[in-house]
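Remarks on the overall topology
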Amino acid sequence: MSEAGAAPAVKPARAFSAWEFGLAMRYLRARRKDGGIALIAIISTIAITLAVMVLIIVTSVMNGFRSELLTRVVGFNPHIYVEGRVIDSPGRDQLVAKIRRIAGVTEVAPMVVNQALLQGGGQVQGAIIRGVSRETLKQTAMVDRNIKKGSDAGFGVGEYGGDEILLGNRLADILNVTAGAPVTVVSPNGQETVMGATPTQKTYIAGGIFSIGMAEYDQTFVFMPLEQAQLLFGKEGQWDQIAINVKDPDHLDDIKSKIAALAGPDAQVTDWRDSNSSFFTALQVEKYAMLVILMCVVLIAALNIITGIIMLVKNKGRDIAILRTMGASEGSVLRIFFIAGMTLGGIGTLVGLILGILFCIFIQNLQDLIEHVFGVNVFNADVYFLSHIPARIDPGEVILVLAWSLFAACIATLPPAWNASRLDPVEALRYE
């Protein structure tokens, strides 16, 4: 039993209590004599804001690049190709029928692919001719849904598929032709004569002009009816490839192995990843390299908090001593300055998140505004393959950025806050 008149036991303050938050917020308020601390706090917050904003923007743009390019590559090209002697064998039609029965396969069609020279509007330009059927063209949604001038209504209609072809818009601009204009196609596979090989040429009508939004395709490819391509290149009744599309082009290894088994050893079976793997791997490596570099920038920006909290601790040495003599524990003092530092980091992170997301949402509008005001092309499709800056926000990566920014702020705040908690009240008041 305690002695009569003894003072009741004092319960320790709860961690992260309201008075600790209140005191931390009070220390962060700018006053005339604390102007230097307030300035450093503002600079620290702005630095974290900019670092987080840039990190979100860069990762989103890299994601957008990969997504847009992948969509166009997969949407424009067949997913799986079968080449080799098997497509010249008598059993090729049976092979096509067997491939069509594989689960997950959506389209199987023959294709003729060759290079040619195009003449039109007084200009000459090389191109790649794809000979496809009308049904295959309709299945190529990336082309069929992006015809900007003319139409594909006459494509594949008429004797031997008719005389209408489709051109990319950048190729049409180079040739100075528009929908309905004549275009002469010169084939390098000429007929053999006593004077040697002579090139074959024929004049077609530019029935439609498409725009994929990827300079490599819009400037290079021409779609021609399959029968016309076979005649032009001297391949009547022959195919260059069997083009195959599947439901899920990201997961086609199982289907590819089944096709290879059906086609046999005389066939070469490849897919869209084989011809584009190095490009997309480079994009992925670049993305992760930029992510690591910018995460280091966030860490450097968060280190500015150390300067602000050290100055705050030095300025509030007398307050710390008084708090300790009044019964505040070392943990309470540490938490007060920890809250102050994390508040700066939290505000900078939140504002950077908002600005980064808004920038990504309105990035197309910002590009249009800059190009209109300054009259410059800030995103050259010849260099970047795409006609606009893409951005796709990945929630998982945004969470990673937020977590890293707050972690960096925590690491930067703990050392000066710990030093404040270890401050000796006697030493702090000696020169007051």
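Small disclaimer: the values here were computed from a predicted structure and weren't measured. (Residues numbered from 1 in each chain as written. Predicted model: local features only at pLDDT ≥ 70, side-chain atom pairs only at ≥ 80, totals over all residues. Heavy atoms only, no water.)

1. Some thoughts on the overall build of the protein chain
Looking only at helices and strands, the protein chain features 17 helices and 10 strands. Expressed as a percentage of its 432 residues, the buried residues of the protein chain come to 44%. When the accessible surface of the protein chain is split by element, carbon and sulfur atoms take 59% of a total near 22300 Å². (Helix = DSSP H or I, 4+ residues; strand = E, 2+ residues; numbered from the N terminus. Buried < 20%, exposed > 50% of the residue type's maximum accessible area, 1.4 Å probe, protein only. Areas by Shrake-Rupley, 256 points an atom, 1.4 Å probe, with all protein chains shown as cover.)

2. With respect to the pairing of strand β5 (residues 164-168)
With four of five residues buried, β5 is to be regarded as a mostly interior element. Of the strand pairs in this sheet, β5 and strand β8 (residues 221-225) are connected by two bridges, and their pairing is antiparallel. Looking at the pairing, L166 lines up with F223 of β8. (Pairing = 2+ DSSP bridges.)

3. Things to note about the environment of Q228
By secondary structure assignment, the location of Q228 is in helix α8 (residues 226-232). The sequence separation of Q228 and V132 amounts to 96 residues, and the corresponding C-alpha distance is 9.4 Å. Contacts of Q228, omitting those with residues within four sequence positions, involve E159, Y160, G162, D163, K202 and Y204. Side chain to side chain, Q228 and Y204 meet in a polar contact 3.2 Å long. (Contact = heavy atoms within 4.5 Å. Polar contact = N/O pair within 3.5 Å; in protein donor to acceptor, adjacent residues only side chain to side chain.)

4. So, unusual backbone geometry
Although it is not a glycine, Y160 sits at a positive phi angle of roughly 50 degrees. Look at Y160 and you get partly exposed, because its relative accessible area is 43%. The phi angle at N176 is positive, at roughly 60 degrees, despite the residue not being glycine. Counting through the fold element by element, N176 comes out in the loop between α6 (169-175) and β6 (182-193).

5. Describing the packing of helix α12 (residues 317-325) against helix α13 (residues 330-361)
Their axes nearest at 10 Å, the elements α12 and α13 cross at an angle of 145 degrees. For the crossing formed where α12 meets α13, the hand is right-handed. Where α12 approaches α13, its residues I320, L323 and R324 are matched on the opposing element by E330, V333, I336 and F337. Class assignment of the residues belonging to the contact of α12 with α13 gives a composition of five nonpolar, no polar and two charged. (Axes fitted to C-alpha atoms, helices over the stretch in contact; angles between N-to-C directions. Left-handed = near helix turned anticlockwise from the far one by under 90°. Nonpolar A, V, L, I, M, F, W, Y, C, P; charged D, E, K, R; others polar.)

6. Details of the environment of V246
Within the secondary structure, V246 is located in strand β9 (residues 241-246). Taking the C-alpha atoms as reference, V246 lies 5.5 Å from G104; in sequence the two are 142 residues apart. Excluding residues within four positions of it along the chain, V246 makes contact with H79, I80, G104, V105, T106, L252 and I255.

7. Section: the packing of aromatic side chains
Applying the stated rule across the entire model yields seven aromatic pairs. Each ring, one from F210 and one from F223, has its centre 5.8 Å from the other, and the planes form 75 degrees; the classification is edge-to-face. Within this pair, whereas F210 is found in strand β7 (residues 196-210), its partner F223 is found in strand β8, the two being separated by 13 residues in sequence. Joined through ring pairs, the aromatic side chains of F76, F210, Y217, F221 and F223 make up one cluster. Positioned above the aromatic ring of W239, the side-chain terminus of R92 is 3.9 Å from the ring centre. (Phe/Tyr/Trp six-rings, centres within 6.5 Å; stacked < 30°, edge-to-face > 60°. Lys NZ or Arg CZ within 6 Å of the ring centre and 35° of its normal.)

8. Quick word on the confidence of the model for the protein chain
Overall, the prediction assigns the protein chain a mean pLDDT of 84, with 89% of residues at 70 or greater. By mean pLDDT, helix α15 (residues 381-384) is the weakest element of the protein chain at 60, and β8 is the strongest at 95. Long-range and interchain partners of residues 1-10, a stretch whose pLDDT sits below 50, account for zero contacts in this model, where long-range means more than four residues apart. (pLDDT = per-residue confidence, 0-100.)

9. What about the nonpolar core?
Nonpolar side chains tend toward joint burial in soluble globular proteins. F76, V82, F223, I242, I244 and I259 are the most contacted members of the largest nonpolar core, which totals 49 residues. With nine residues, helix α2 (residues 35-76) is the single largest residue contributor to this core. Excluding residues within four positions of it along the chain, I259 makes contact with I80, V82, I99, I102, I244 and V269. Counting 39 residues, the second-largest nonpolar core is a separate cluster that includes V58, M295, V298 and V333. (Core = buried A, V, L, I, M, F, W, Y, C linked by side-chain atoms within 4.5 Å.)

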